[in-house]
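If you want the building blocks of each chain, they are given just below.
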Amino acid sequence: VASVGSAAVFESAESTYIRPTFDSNSNVVVIAYRDVGNSGYGTAIVGTVSGTSISYGTAVVFESASVAYIASTFDSDSNKAVIAYHDGGNSSYGTAIVGTVSGTSISFGTAVVFESATTYWTSATFDSDSNKVVVAYTDAGNSSYGTAAVGTVSGTSISFGTPVVFETSS
């Protein structure tokens, strides 16, 4: 029989685009979200599970602008969290950032644009065979085609190859 613990608040304001990922290196959950209570800024927090309860570290802003369409994944080769998002502070471009967990905190490298156009409906996953991050999204700059880009994490940064269309329709 499964047991369920009590709910634990990680943000005392409205939050949207909540996207968790599991950091298997540190055995914690990284939750990325849009903090509506703080101008819609991109924010992340580390959660530690113990038994049937979860506790949180201090929330950290990864983008000091309104964000949307957040996706997150964990790169188990580099032991880094990767967050992809629609950056309202930079023409709504598709952007990604690398996070490093230390204890109950997370720190971030420099944000990198993977699509110089407005992006929507972002998703991200880690390919453990090639040790690459794959970000898929709707490219509003190209007829809203389904598009994907492959990212390589190095240190606290990520670089992307040329985006490829996988669906030539909206």
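Residues numbered from 1 in each chain as written. Predicted model: local features only at pLDDT ≥ 70, side-chain atom pairs only at ≥ 80, totals over all residues. Heavy atoms only, no water.

How do you make sense of the overall build of the chain when you look at a structure like this?
Along the backbone of the chain there are zero helices and 13 strands. Counted from the first residue to the last, the chain has its helices and strands arranged as β-β-β-β-β-β-β-β-β-β-β-β-β. Taking 170 residues into account, the globule formula puts the C-alpha radius of gyration at 15 Å, and the chain, at 16 Å, falls close to it. Taken along the three principal axes of its C-alpha coordinates, the chain extends 45 × 35 × 35 Å. Sequence-distant contacts in the chain: of pairs separated by 6 or more residues, those separated by 24 or more amount to 37%. In the form shown here, the chain has an accessible surface area of approximately 8000 Å², with 46% of it arising from carbon and sulfur atoms. Here the chain holds 4 positive side-chain charges and 13 negative ones, and the gap between their average locations is 3 Å. (Helix = DSSP H or I, 4+ residues; strand = E, 2+ residues; numbered from the N terminus. Rg over C-alpha atoms; globule rule 2.2 N^0.38 Å. Contact = heavy atoms within 4.5 Å. Areas by Shrake-Rupley, 256 points an atom, 1.4 Å probe, with all protein chains shown as cover. Lys, Arg positive; Asp, Glu negative; His and termini not counted. Charge placed at Lys NZ, Arg CZ, Asp CG, Glu CD.)

Would you explain unusual backbone geometry in this entry?
If you check the backbone angles, Ser91 has positive phi at about 55° while not being a glycine. Turning to its location among the elements, Ser91 is positioned in the loop between strand S6 (80-87) and strand S7 (93-102).

Is there a simple way to explain the environment of Val153 in this structure?
On the secondary structure map, Val153 appears in strand S11 (residues 145-154). With a relative accessible area of 13%, Val153 lands in the buried category. Sequence spacing of Val153 and Asn79 is 74 residues, and the spatial spacing of their C-alpha atoms is 9.5 Å. Setting aside residues no more than four positions away along its own chain, Val153 makes contact with Asp75, Ser78, Lys80, Val82, Val98, Val133 and Ile158. (Buried < 20%, exposed > 50% of the residue type's maximum accessible area, 1.4 Å probe, protein only.)

Hey, could you run me through the packing of aromatic side chains in this one?
One pair of aromatic rings is described through two measures. These are the centre distance and the angle between the planes. For the coordinates displayed, the defined rule picks out nine aromatic pairs. Note on Tyr17 and Tyr69: the rings are 5.3 Å apart at their centroids and 50° apart in plane angle, and the pair reads as tilted. Linking Tyr17 in strand S1 (residues 15-23) with Tyr69 in strand S5 (residues 60-75), this pair joins segments that are 52 residues apart in sequence. Taking the relative accessible area as the measure of exposure, Tyr17 reaches 27% and is therefore partly exposed. Exposure remark for Tyr69: the relative accessible area of 15% places this residue in the buried category. One aromatic cluster in this structure is built from Tyr17, Tyr69, Tyr120 and Trp121. (Phe/Tyr/Trp six-rings, centres within 6.5 Å; stacked < 30°, edge-to-face > 60°.)

Looking at this structure, I do not really get the side chain of Thr138. What am I missing?
Mapped onto the elements of the fold, Thr138 is located in strand S10 (residues 132-139). What makes Thr138 buried here is its relative accessible area of 18%. Those residues in contact with Thr138 that sit more than four places away from it in its chain are Thr118, Thr119, Tyr120, Trp121, Ser144 and Tyr145.

Help me understand the side chain of Asp139 in this model?
Within the fold, Asp139 resides in strand S10. It is Arg19 that comes nearest to the buried, bridge-free Asp139 among opposite-charge side chains, at 19 Å. Looking at Asp139, its side chain comes within polar contact range of the main-chain nitrogen of Gly141, at 2.9 Å. Discounting residues that sit within four places of it in the chain, Asp139 has contacts with Glu115, Ala117, Thr118, Ser144, Tyr145 and Thr147. (Salt bridge = Lys/Arg side-chain N within 4 Å of Asp/Glu carboxyl O. Polar contact = N/O pair within 3.5 Å; in protein donor to acceptor, adjacent residues only side chain to side chain.)

Hey, could you run me through the environment of Tyr120 in this one?
With respect to the helices and strands, the residue Tyr120 is situated in strand S9 (residues 112-127). Sequence spacing of Tyr120 and Ser92 is 28 residues, and the spatial spacing of their C-alpha atoms is 8.9 Å. Contact partners of Tyr120, with chain neighbours within four places excluded, come to Tyr69, His86, Tyr137, Thr138 and Ala140.

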